[in-house]
Each structure stands twice: as C-alpha cells, then as structure tokens.
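Read off the chains here:
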Amino acid sequence: MKQAVITGGNGTIGRAIADALEHPGWIVLTPTRSEMDVSDDLAVKTYFQRHPAGLLVCAAGSTQDALLPRISSSSWDEVLTVNFKGALACVRAVLPGMIQNGCGHIVFISSFSALHPPAGQAAYATAKAAILGLTADLARAHGPQNIRVNAILPGFMETRLTENVSTNRRDEIRNSHVLKRFNTPTQVGKFIRHLHHDLCHTSGQVFQLDSRGP
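Attention in this report is confined to the structure presented alongside it. (Residues numbered from 1 in each chain as written. Predicted model: local features only at pLDDT ≥ 70, side-chain atom pairs only at ≥ 80, totals over all residues. Heavy atoms only, no water.)

## Describing the pattern of salt bridges
- In this structure the tally under the stated criterion is six salt bridges.
- Salt-bridge contacts for aspartate 19 lead to arginine 15; the nearest nitrogen and oxygen are separated by 3.3 Å. Residue aspartate 19 and its partner arginine 15 are located together in helix α1 (residues 12-21), separated by four residues, close to a single helical turn.
- Of the charged contacts, one joins arginine 174 and aspartate 171 as a salt bridge, the two residues approaching to 3.0 Å between their closest N and O atoms. (Salt bridge = Lys/Arg side-chain N within 4 Å of Asp/Glu carboxyl O. Helix = DSSP H or I, 4+ residues; strand = E, 2+ residues; numbered from the N terminus.)

Here it is in structure tokens:
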C-alpha cells in the first residue's frame, strides 16, 4: 500500500520526513493532534481504520527534563505515553492491515539518549530505550509476514524540541561529534526514504545518523 502515516508529522523532523517521502503515486499523511492524539488508544485505532498505511513512521515526541527526584509522576507518565505508549498504540492499530496485505514497514524515531542519557532525561531515555526493545521484538515476530521494523537515532538537531537548550550545552554536544556538526532533519528524511525504498531486505536494525561516538 502506497500510503505513509507520520505521527508527529507537523514537528520539524516529521515535516522533513514527509517532504522526503513525497513521491508520485504515494499518499503521505501527517495527522495533527486533533486528528489523532497518540495518547488516546481509541483515537489511534479509529484513525488507522480510516487511513491504513504501508509505512508508519512514529516521530511524535515529548520531553520534560528533570532529575529523577524532581520529576512529577504526571510528567513521567506523559513522556512515556507520547514517546512509547503512543507508538505502541499506532503499531497495534496498523499491524492487522499490514499482515492482511502481506507487507509493511514501521520506522521508529528513537534517540541517542536511549543509549547514553544525559542527567535529567530519565523519563525520555526510558521511553526511547523501550522503543529499541520493541523494534527488535516486532522485527523478529513479523518478519515472516514480510513486515519490516527499524529504528532511527537522528542525533541532536536544531528543532522546536531543542530550542530551549542553552548555548553552552549545544557547544558541548557539538564537540562530542567527530565531525563537530549536527545532523539535519532534511538528511534524516532522506535516509528514511532510502531505507524504505532501497533497503528492502533490512529489518530489526538501529541506525545512528550523526557522528557522535559511543
């Protein structure tokens, strides 16, 4: 099915992915929160009943950084809901159609923080690490049904999600990259297009796209 759905598609990264996936004969949908709230299981299920997808990109994200003793239970729950539970709800909604069609591709946007979280990102890192476990499980479980599942670690980028990061912290992060520069949403979008269209035998993989070392 030549229809892609990108959650968080109106964010900086989501929009860049949508632009990269635009292709003759393809429909690329970027539902707003009013059209599909990923924290509402029923809304997610209803949306995908109306808009089945051959490619699902889970790019919806949220951060509420704070040291663990200071983060509230509600903030913790919100970060996990948007970053992990929302993605899981979308997968559950889209999988039956993919199985019926005998093909499909799910791409998760995870984070370098899943592997190397900075102080204050316990909730976000936990959610994004859970995405990596989900990637491995789904790829193995549904590979025989010709469904691919991959995860992307885009790296730090200049987006609305990072606009409040201090200049000093930006410099620290930049200096941790061997190329001393950040990745861009445009390049992330181009990579996902390449992964989907050209790497048709690739599944169960985690791709780190910037130049930060381990």
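Still to come is the rest of the account.
## Side note on the packing of aromatic side chains
- Considering all chains together, one arrives at three aromatic pairs under this definition.
- Summarising the aromatic geometry, the rings of tyrosine 47 and phenylalanine 48 are spaced 5.6 Å apart at their centres and angled 85° between planes, so their arrangement reads as edge-to-face. As far as burial versus exposure is concerned, tyrosine 47 and phenylalanine 48 are alike and both buried.
- Across from the ring centre of phenylalanine 112, 4.0 Å away, lies the NZ or CZ of arginine 212, which sits over that ring. (Phe/Tyr/Trp six-rings, centres within 6.5 Å; stacked < 30°, edge-to-face > 60°. Buried < 20%, exposed > 50% of the residue type's maximum accessible area, 1.4 Å probe, protein only. Lys NZ or Arg CZ within 6 Å of the ring centre and 35° of its normal.)

## Observations concerning the pairing of strand β4 (residues 104-109)
- Most of β4 sits out of view: six of its six residues are buried.
- What you see with β4 is no split at all: Gly104, Ile106 and Phe108 on one side and His105, Val107 and Ile109 on the other are buried throughout.
- Note that strand β3 (residues 55-58) and β4 share four bridges and pair parallel. Each bridged residue has a counterpart across the sheet, and for cysteine 58 the counterpart in β4 is phenylalanine 108.
- In this structure, β4 lies alongside strand β5 (residues 147-153), joined through six bridges in parallel fashion. In the sheet register, valine 107 faces β5, and the bridge partner there is asparagine 150.
- After leaving β4, the chain enters helix α4 (residues 122-142) and then returns to the sheet as β5, a path that is right-handed. (Pairing = 2+ DSSP bridges. Right-handed = clockwise from strand over helix to strand, strands pointing away.)

## Considerations on the pairing of β3
- Side chains Leu55 and Val57 project from β3 onto one buried face, and the interleaved Leu56 and Cys58 project onto a second face that is buried too.
- Examined bridge by bridge, strand β1 (residues 3-7) and β3 share four bridges and lie parallel to one another. Each residue of the ladder has a partner; that of threonine 7, found in β3, is cysteine 58.

## Structural notes on the environment of alanine 129
- For alanine 129, the position within the fold is in helix α4.
- For the pair formed by alanine 129 and proline 31, sequence separation is 98 residues and the distance between their alpha carbons is 25 Å.

## Comments concerning the nonpolar core
- Among the nonpolar cores identified, the biggest contains 38 residues, and Phe48, Leu56, Cys90, Ile106 and Phe108 are the most heavily contacted of them.
- Secondary structure elements with two or more residues in this core: α2 (41-50), β3, α3 (73-101), β4, α4 and β5.
- Top contributing element to this core by residue count: α3, with 11 residues.
- Not counting chain neighbours up to four residues away, the residues in contact with phenylalanine 108 comprise Cys58, Ala87, Val91, Ile131, Leu134, Thr135, Leu138, Val149, Asn150, Ala151 and Ile152.
- If you look at the next biggest cluster of nonpolar residues, it comprises 19 residues, including Val28, Ile109, Leu195 and Phe207. (Core = buried A, V, L, I, M, F, W, Y, C linked by side-chain atoms within 4.5 Å. Contact = heavy atoms within 4.5 Å.)

## Brief notes about unusual backbone geometry
- Although it is not a glycine, asparagine 146 sits at a positive phi angle of roughly 65°.
- Here asparagine 146 is to be found in the loop between α4 and β5.
- Notably, lysine 180 is not glycine yet its phi reads approximately 60°, a positive angle.
- Along the chain, lysine 180 falls in the loop between α5 (167-175) and α6 (185-198).
- By relative accessible area, which is 46% here, lysine 180 ends up partly exposed.

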